[in-house]
Structure formats: C-alpha cells, structure tokens
Amino acid sequence: MKQPEVSIVIPVYNEEANLPELLRRTLAVCHQMKPSCEIILVDDGSEDSSMEMILAAAEEHPGEIVGVILSTNFGQHAAVTAGLEVSQGKYVVTMDADLQNPPEEIPKLVEKLEEGYDVVGTIRENRQDTFFRKTASRMVNFMVRKLCRGRTMSDYGCMLRGYARPVVNAVLQCKEQGKFIPMLAMSYGRRVTEIPVKHAERSAGTSKYNCWKLIALQYDLLTGTSTFPLRMLTFLGFVIALFGILFGIVIFILSQVDKDWGAEGVFALFAIVIILMGGQFAGMGLLGEYIGKIHLNARGRPQYFIEKIAGRVPDPEKSRK
Ligand code: UDP
Ligand code: MG
C-alpha cells in the first residue's frame, strides 16, 4: 500500500452525532485533493457508540480511514499526540470532530504546507462560540503569546492546523505530560504562517470543556511551560521585605522625634515581622526556582531538533553493514 502524503488527525470523544457527517465530508475532500490522504480517527475513550462507528468506518475504507482506539479518556491533546504517532503522511492536519472547522478548508492548509511552511495556523473568521468560551480562549491566547516571547500566532485555540513531518517528529520527541501541541510546534517550526478559515457552530452534541476543565488546562499550560510564577514569588518576597525595612526606618525616625510614639516597640515588632515574612516569600521563591530547574530537566524536552544534515559523505563501511 502506498504511503499517504497527508494525514488528517481527528480526536473523537463522544461524537456519535457528528461522525457520519464528518466522515462523509472529510472523505469527499480527500477524494478531491491531489495528494493521497489518510484520516486518523482517535477515539479518546468515548462512552457512546463512537468507537464502534470508527471501527466500522475503518473496515469499510481500509487504508483511507485509520481507527486508533485509546483505552480510556486521556484528553484532547493526548489523543492528538496518539494520532500523530500513528500518522505516516509527509504533512499532518489536525482537526476537531465537531465540524466547527469545516473539512473543506483542509486543501488550503495542505497548499501552504506544500509551499514549504512548517506550521500553518488558522484564524477563525467570525467565531461561533459562546461568550464564555470566547473569553476563556482569549485568555489562553494572551497567556500563550506572553509565554512564547518573540515569534507567535494570533489564535492558538483553533485546532485546524497543519504541520510538516519534521515538526511532527520534534513534537513526538517531547515526552512530557500535558503538552500543548500548537505551542510546542511553534517552537520547532522554522517557517510559520496563519490563514483565515471559516468557523461554524458545533453541529451536534455539547462542548467537552466545562469551566473547570478550561481552568485546569490554563493552569497546566502555565506551570508546564514557564517558571515565571515562581520568579514572581521571589520578587514579591523582596518587595515585602523592602516595605518592612522602610516601615522600620519610618518608625525609628518617628520614635526619635516623639519618644512616646511607637506603642512601646509594638510597631517596631510589626516591621520586623514584615521583614521576616518577605524573607520567607523570597526564600520560598528561590526554593521554587530550584524545583523549577528539576522540573525542566525531568521534562526532558529536546533542546534542539536537527531537521537535516547536509554535506556529510556517507561512510561506505557503515552503509555496507
Ligand atoms: N476531545 C477529546 N477528548 C476530550 C475532550 C475533547 O478527544 O477529553 C475532542 C472532541 O471530541 C473534539 C475536540 O476534542 O473533537 C474538541 O472538543 P470540543 O469541540 O468539545 O471543544 P471546544 O470546541 O469547546 O474547544
Ligand atoms: Mg468544538
């Protein structure tokens, strides 16, 4: 069987109402496109009949639809990672199963990837989501942009994205838990671009993210990518200690001017307590910095990723073996 050129990775969690239309439309797009495609449906431990539907579809269209069944619910990003692992295409497009991103936009992404871009992001034109979901998404985007420093994209929430094979391999080499693929891909891609795509309302079913899940995601993102909060703690500690020292000086001056002032040293005690408190915060932050370093090392993310080596003459001795 010929290796597909484009892999379309779709995480599926309780999407039985969307699957038939999703498959129909995505298959139609695949048949229209010049490069050969495979559709990888990753069942993320669905409790409805999604899994059976995926298996049936894979049987009906072997080679074209690939079903990946996870043992239980691991979350959207873990499911996408599993899909990336299985994907064979030179280019990979990720997409949601709820048809909020029309599959008809896939050729546009593939075109950009063929032009030589490593990461193709998308901007949702007139986004169809609830106010709450939009606000949450805006917060995530803001934070990711701040964490990325330098090169960044305007919309990280839209999962209709395209990646070239070297970037997919780089992302797969990052073995850490709870990774945020769009951001990770950004840090390994050389040429990145963004294109506008249409956005629709969820065609059926409800969003799999509630308020709590979104907060958890945001928290994961922050603690997983940055030790900035720890540094803030150290900074806060120093500010508090400084305030304590200034307070002490003021108390000392006032008590020299008016001997009765100062409530017999109670205020001075306050100042000392504040200084100690600041010191404690600063110490905790410092300790945290070391834990942060351990965290970064334990994560074991590759420090660089070699895309290609040029000019090396292969050793005939080695290649014979
Ligand atoms: N999803 C998943 N596992 C989960 C939650 C969601 O695989 O634990 C999938 C879901 O089936 C959908 C995509 O991730 O294909 C995005 O989910 P959803 O549309 O509910 O998120 P939203 O559009 O609200 O961001
Ligand atoms: Mg959705």
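None of these values were measured; they are calculated from a predicted model.

Calculation notes
Residues numbered from 1 in each chain as written. Chains lettered and ligands numbered in written order. Predicted model: local features only at pLDDT ≥ 70, side-chain atom pairs only at ≥ 80, totals over all residues. Heavy atoms only, no water. Donors = N, O, S within 2.8 Å, 3.2 Å for Na, K, Ca; no water. Buried < 20%, exposed > 50% of the residue type's maximum accessible area, 1.4 Å probe, protein only. Helix = DSSP H or I, 4+ residues; strand = E, 2+ residues; numbered from the N terminus. Lys, Arg positive; Asp, Glu negative; His and termini not counted. Salt bridge = Lys/Arg side-chain N within 4 Å of Asp/Glu carboxyl O. Contact = heavy atoms within 4.5 Å. Pairing = 2+ DSSP bridges. Axes fitted to C-alpha atoms, helices over the stretch in contact; angles between N-to-C directions.

*Asks:* Would you mind showing me how to read the coordination of the magnesium ion (ligand 2) here?
*Replies:* Each protein donor to the magnesium ion (ligand 2) is listed here as Asp98 (OD) and Gln100 (OE1); together their distances run 1.8 to 2.0 Å. With respect to burial, Asp98 and Gln100 carry one shared label: buried.

*Asks:* Would you take a moment to explain the side chain of Asp44 for this structure?
*Replies:* Take Asp44: it is sitting in the loop between strand E2 (37–43) and helix H2 (50–60). This buried residue, Asp44, is left without a salt bridge; Lys213 holds the nearest opposite charge, at 6.9 Å. Discounting chain neighbours no more than four positions away, the residues touching Asp44 are Val12, Tyr13, Leu70, Thr72, Asn73, Phe74, Gly75, Gln76 and Ala79.

*Asks:* What exactly am I supposed to notice about the sheet that holds strand E5 (residues 119–124) here?
*Replies:* The 7 strands lie next to each other as E3-E2-E1-E4-E6-E5-E7, forming an open sheet whose pairing is mixed. In this open sheet, the two edge strands, each paired with only one partner strand, are strand E3 (65–69) and strand E7 (192–197). Across the sheet, the axes of successive neighbouring strands diverge by a mean angle of 20 degrees, strand direction being ignored. Inspection of the sheet shows E5 paired to strand E6 (residues 161–164) by 2 bridges, in the antiparallel sense. Considered in E6, the bridge of Val119 is made with Tyr163. This element, helix H3 (residues 76–86), spans strand E1 (6–12), E2, E3 and strand E4 (91–94) of the sheet and lies at about 150 degrees to E1. Set on the sheet, helix H7 (residues 181–188) makes contact with E5, E6 and E7; between it and E6 the angle comes to about 40 degrees.

None of the figures reported here should be taken as evidence of function without further support.
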